[in-house]
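Read off the chains here:
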Protein chains: 2
Amino acid sequence: MKLYLAGPEVFLDDAREIGRRKLELCERFGFSGLFPIDGEPLLVDDAGTLARAIFANNLALMRTADAVLANLTPFRGVSADPGTAFEVGFAFALGKPVAAYSNVPGQLLHRAHAAIGHAAIGAAGAGSAHTFLADGLHVEDFGHFDNLMLAEALEASRLPVVQAQTPTADPFRDLSLFEQTLTALAEARAAGRLAPSP
Amino acid sequence: MKLYLAGPEVFLDDAREIGRRKLELCERFGFSGLFPIDGEPLLVDDAGTLARAIFANNLALMRTADAVLANLTPFRGVSADPGTAFEVGFAFALGKPVAAYSNVPGQLLHRAHAAIGHAAIGAAGAGSAHTFLADGLHVEDFGHFDNLMLAEALEASRLPVVQAQTPTADPFRDLSLFEQTLTALAEARAAGRLAPSP
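Residues numbered from 1 in each chain as written. Chains lettered and ligands numbered in written order. Predicted model: local features only at pLDDT ≥ 70, side-chain atom pairs only at ≥ 80, totals over all residues. Heavy atoms only, no water.

Chain A appears in an unreviewed UniProt entry as Nucleoside 2-deoxyribosyltransferase from Xanthobacter agilis.

Undergrad: Give a description of the packing of helix α3 (residues 82-93) of chain A against helix α3 (residues 82-93) of chain B that names residues and reports values.
TA: Relative to each other, α3(A) and α3(B) sit at 40°, their axes nearing to 6 Å. Of the two possible hands of crossing, α3(A) and α3(B) adopt the one that is right-handed. In this structure, α3(A) contributes Pro82(A), Ala85(A), Phe86(A), Val88(A), Gly89(A), Phe90(A), Phe92(A) and Ala93(A) to the contact, and α3(B) contributes Pro82(B), Ala85(B), Phe86(B), Val88(B), Gly89(B), Phe90(B), Phe92(B) and Ala93(B). Of the residues belonging to the contact of α3(A) with α3(B), the class tally is 14 nonpolar, 2 polar and no charged. (Axes fitted to C-alpha atoms, helices over the stretch in contact; angles between N-to-C directions. Helix = DSSP H or I, 4+ residues; strand = E, 2+ residues; numbered from the N terminus. Left-handed = near helix turned anticlockwise from the far one by under 90°. Contact = heavy atoms within 4.5 Å. Nonpolar A, V, L, I, M, F, W, Y, C, P; charged D, E, K, R; others polar.)

Undergrad: How would you summarise empty space enclosed by the protein if you had to cite specific residues and measurements?
TA: The tally for this structure, following the rule as stated, stands at 6 cavities of 30 Å³ or more. Each pocket or cavity is described by its volume, and for the largest cavity that value is around 300 Å³. In this structure, the largest cavity is lined by 30 residues; those nearest its centre are Phe75(A), Ala80(A), Pro82(A), Ser79(B) and Ala80(B). Here the lining of the largest cavity is built from residues that sort into 16 nonpolar, 8 polar and 6 charged. (1 Å grid on protein atoms, 1.4 Å probe; cavity = no way out; pocket = protein on both sides within 12 Å on 5 of 7 lines; lining within 4 Å. Points joined across faces, edges and corners; volume = space filled by probe spheres on them.)

Undergrad: Please set out the interface of chain A and chain B residue by residue, giving values where relevant.
TA: With 63 residues of chain A at the interface, the matching set in chain B holds 63 residues. Carbon and sulfur atoms supply 71% of the area buried between chain A and chain B, which totals about 4800 Å² over both sides. Across the contact surface, chain A and chain B share 2 salt bridges. Close ionic contact of Arg76(A) with Asp135(B) constitutes a salt bridge, the shortest N to O distance being 2.7 Å. Where chain A touches chain B, the interface holds 10 residue pairs in polar contact (both at pLDDT 80 or more). When contributions to the side of chain A that touches chain B are tallied by element, the ones reaching two or more residues are α2 (47-64), α3 and α5 (148-156) of chain A. At 10 residues, α3(A) tops the list of elements feeding residues into the side of chain A that touches chain B. Of the residues belonging to the side of chain A that touches chain B, the class tally is 39 nonpolar, 13 polar and 11 charged. (Buried area = accessible area lost by both parts, 1.4 Å probe. Salt bridge = Lys/Arg side-chain N within 4 Å of Asp/Glu carboxyl O. Polar contact = N/O pair within 3.5 Å; in protein donor to acceptor, adjacent residues only side chain to side chain.)

Undergrad: Summarise the sheet that holds strand β5 (residues 161-163) of chain B; cite the residues concerned and give the values.
TA: Residues and elements named next belong to chain B. The strand order across the open sheet built from 5 strands is β2-β1-β3-β4-β5, with neighbouring strands paired in parallel fashion. Because the sheet does not close on itself, it has two edges, and the strands there are β2 (32-34) and β5. Strand-to-strand, the axes of this sheet are offset by a mean angle of 20°, without reference to chain direction. The pairing of strand β3 (residues 67-71) with strand β4 (residues 98-102) spans 4 bridges and is parallel. The residue bridging asparagine 71 from the neighbouring strand is tyrosine 101, located in β4. (Pairing = 2+ DSSP bridges.)

Undergrad: Explain the relation of the copies chain A and chain B residue by residue, including any values.
TA: With an RMSD of 0.0 Å, the operation that places chain A on chain B is a rotation of 180° combined with a shift of 0.0 Å along the axis. Expressed as a symmetry operation, the mapping of one chain copy onto the other fits a two-fold axis. Mapped onto chain B, 100% of the interface residues of chain A are again interface residues, and the two copies thus contact each other with one and the same surface. (Least-squares fit on C-alpha atoms with pLDDT ≥ 70 in both.)

Undergrad: Lay out the side chain of Arg111(A) in plain terms, naming residues and giving numbers.
TA: Residue and element names in this part refer to chain A. For arginine 111, the position within the fold is in helix α4 (residues 108-116). In this structure arginine 111 is buried but unpaired, with aspartate 146 as the nearest side chain of opposite charge at 4.3 Å. Excluding anything up to four places from it in sequence, arginine 111 contacts Pro74, Val78, Val104, Pro105, Gly106, Phe145, Asp146 and Gln163. (Buried < 20%, exposed > 50% of the residue type's maximum accessible area, 1.4 Å probe, protein only. Lys, Arg positive; Asp, Glu negative; His and termini not counted.)

Below, the structure written as structure tokens:
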């Protein structure tokens, strides 16, 4: 059973090493991991051709995969990497179940409050004051770890988001929650809830 | 022809008014706009049921749509809203063409440098030093307005990202680039490059 391994760790300097360790862990759980090759582009000149090739390669890997295991650790902001979010949406539309982990604890609501700041009390019109932030926009209050569309895609897949309970020292390299997510995927497979794609 | 109007303006206090203006503009160009109802959740108690209903509603609207017009203005960080990114991926997987606008100018590369800061010179290992940021991860250097997967999905759709040339005073309410994107979509329709979904 093939797992597409989405996540912003492709931007690490040692992305290939992290990818190698992820594939090893997949194998230990009886899965075959597919790691995108996003790490390569930075060395090549013809950016336009290369960007198209990476895009096509990632889409082809996702079409091959039976499921997605996404790293939804917040990336340069309060939420997940938008490239990974795109991939979760793409794979979910093709009927691939999606599991995920996040190495940053807490709800989006609380991270957004901490990062953006509260609006003046009484400033909110239509919504609830406690969801209204200093940037003039609301933040969702569903108890979710991140945006509704991501959280509900996992829920609809009947697969978990495995989330850190406390901050992680090296959130883009720590693979302990990745391993926990593989455990959950192996259980789903044993329970017949994870079938190979046709 | 139906356009799904993705974007984080659903989090505005006056989301319904923005939605109404967007639908009016769509009509002026001969399109029928579909605006997600994300604005409602903040008033309701049973968050779990409501989140599932919003998710199901948004997916159903996207399945109905012939194309997506996404607001990819950076949202609480250097990149687009991850919920919108999810929707772009979902719709693209179903073969819907995607057009987009962004009310923030510039490349992702430059925004990320400004927000995160440069790494120490010589710190980069595998990649190019000018893409290596203070958070220990690279940023893409493809000349794109945002993440590769988003930019290439628009490219593959043969539809533009209409991007601000200078900062916009009210980036989540300003609809002038939304209107420009509708112009581009109307041209694509006239050229036969935008067909109704089967």
